[in-house]
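What follows is the residue order along each chain.
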Amino acid sequence: GEPRNPLSAEEVVGSGSGKNAKLPQMAADLLESDKYDIPADTLSEEFCKLGYSDAYPDSARKVFVGGENEALQRLDSFCARGNGRAVREFSKPHTSPAAFNPPSTTTLSPYLKFGCISPRTVYAAIRKAAGKSQKTKPPMSLLGQLYWREHFMLLGYAVGADFGHMRGNDICRQISWDESDEKARNLTAWEQGQTGYPWIDACMRQLVQEGWLHHLARHAVACFLTRGDLWISWEEGVRVFERELVDADWALNSANWMWLSCSAFFHQYFRVYSPVSFPKKYDKDGTFVRRYVPELKKFPEKYIYEPWKAPLAEQKRAGCVIGKDYPKPIVDHSDASKANIERMKKAFEQNKRTSHENSEAAADTKRKRAKS
């Protein structure tokens, strides 16, 4: 059935003291007190211990201002777009990963992750904004996104600590990912946005600068790292996203990486995101790339996603020579993706055989017990 409506702040704290207040007055007073604020210099020291160079960087991470007020404002603003049309017609696959001012999604994930806003509050606002005219349905609709969130939370709880790992994870396919010397070089290039593929690099740089990525951008970089191009374990991707994403959530992060690497949930391993043709669907002139990969901002539209194909004279006019000012592609996407599709096909076949053998062994054990 329908979840209960969320309580308002007034209902939680109460409008006065005594028996009519939902919290003791002392607790209400503490909410407005600076007695327990963390000193800025102490916070900076603690951030440095965690590996961050600056607790208050000048980067665009300030895109996300914390707190309940900000969360409610973002929710109200999105629900008000087009008099509720943004909610009624929301379809996650049709939002744009290249939209950044404003983003094409709610950007509420960090606030849900930190508890600044509750799923029930979001649910109630969505239902109210859509009214009786909701055009899209789960799993594509906004409600569908909440359902996915709860689904992965439940799976993480059910599987336990191994949900974030390949080994010991009963729902995860066992795949022999790359462990060669080349892995470290390719992983570093991917993390730093230096793969030579402008779309991938723009996404990874946005991740580091802002702590957030549109879900299709996450799909693209995850596919590229794993089954698409580099054949590196999804566990490495989990680690990077856990460090960089402001909305990083253990269950959701692990589940989505398993999905995109075809390790669980998704089995169409032959569907690979192209780092060249895919972004053209959303941003033909490369505005997104020019913002996050400024080395390429003067490149003609024709070469913005494949700058290595530009004649040297064109590269010099753009002030960026490929291989000098911006890297050449670290792999050939066409060759790598074809080879990895074959690898994945073999991995699927091996997992199917292993599953069958395990089922036969379990059935045999059961028969022997029945006879004894």
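This is a predicted model, so every value here is computed, not measured.

Trainee: Mind showing me how you'd approach the overall build of the protein chain here?
Mentor: Per the secondary structure count, the protein chain includes 17 helices and 0 strands. In the protein chain, which comprises 372 residues, the proportion classed as buried is 43%. Expressed as a percentage of contacts within the protein chain between residues at least 6 apart in sequence, the contacts between residues at least 24 apart total 68%. On the protein chain, roughly 21,200 Å² of surface is accessible, and the fraction owed to carbon and sulfur atoms is 52%.

Trainee: When you look at the packing of helix α4 (residues 68–80) against helix α7 (residues 119–130) in this model, what are you seeing that I'm missing?
Mentor: The angle between the axes and the distance between the axes are what describe a pair of packed helices. The contact between α4 and α7 brings their axes to 10 Å, and the two run at 20 degrees. Put simply, α4 runs roughly parallel to α7. Between α4 and α7 lies a crossing whose hand is right-handed. Every residue of α7 that contacts α4 at L72, L75 and C79 is listed here: T121, V122, A125 and A129. Each residue belonging to the contact of α4 with α7 can be placed in one class, and the counts come to 6 nonpolar, 1 polar and no charged.

Trainee: How should I be thinking about the nonpolar core in this particular structure?
Mentor: Taken as a class, soluble globular proteins show a tendency for nonpolar side chains to be buried jointly. Membership of the largest hydrophobic core comes to 65 residues, with the highest contact counts inside it found for W190, I200, L296 and F299. At the level of elements, α9 (181–191), α10 (198–210), α11 (215–228), α12 (234–244), α13 (250–260), α15 (287–292) and α17 (333–371) are the ones that each hand at least two residues to this core. The element that contributes the greatest number of residues to this core is α11, accounting for 7 residues. Residues in contact with W190, not counting those within four places in the same chain, are T195, I200, M204, V221, F224, L225, L230, G237, V240, F241 and W257. Core analysis: the second largest hydrophobic core is formed by 23 residues, F90, L108, A125 and A129 among them.

Trainee: Is there a simple way to think about the packing of α10 against α11 in this case?
Mentor: The contact between α10 and α11 brings their axes to 10 Å, and the two run at 115 degrees. As α10 packs across α11, the resulting crossing turns out to be left-handed. On α11, the residues touching W199, I200, C203 and M204 of α10 are A217, A220, V221 and F224. The residue inventory of the contact of α10 with α11, partitioned by class, reads 8 nonpolar, no polar and no charged.

Thresholds applied
- Residues numbered from 1 in each chain as written.
- Predicted model: local features only at pLDDT ≥ 70, side-chain atom pairs only at ≥ 80, totals over all residues.
- Heavy atoms only, no water.
- Helix = DSSP H or I, 4+ residues; strand = E, 2+ residues; numbered from the N terminus.
- Buried < 20%, exposed > 50% of the residue type's maximum accessible area, 1.4 Å probe, protein only.
- Contact = heavy atoms within 4.5 Å.
- Areas by Shrake-Rupley, 256 points an atom, 1.4 Å probe, with all protein chains shown as cover.
- Axes fitted to C-alpha atoms, helices over the stretch in contact; angles between N-to-C directions.
- Parallel < 35°, antiparallel > 145°, perpendicular 65-115°, else oblique.
- Left-handed = near helix turned anticlockwise from the far one by under 90°.
- Nonpolar A, V, L, I, M, F, W, Y, C, P; charged D, E, K, R; others polar.
- Core = buried A, V, L, I, M, F, W, Y, C linked by side-chain atoms within 4.5 Å.

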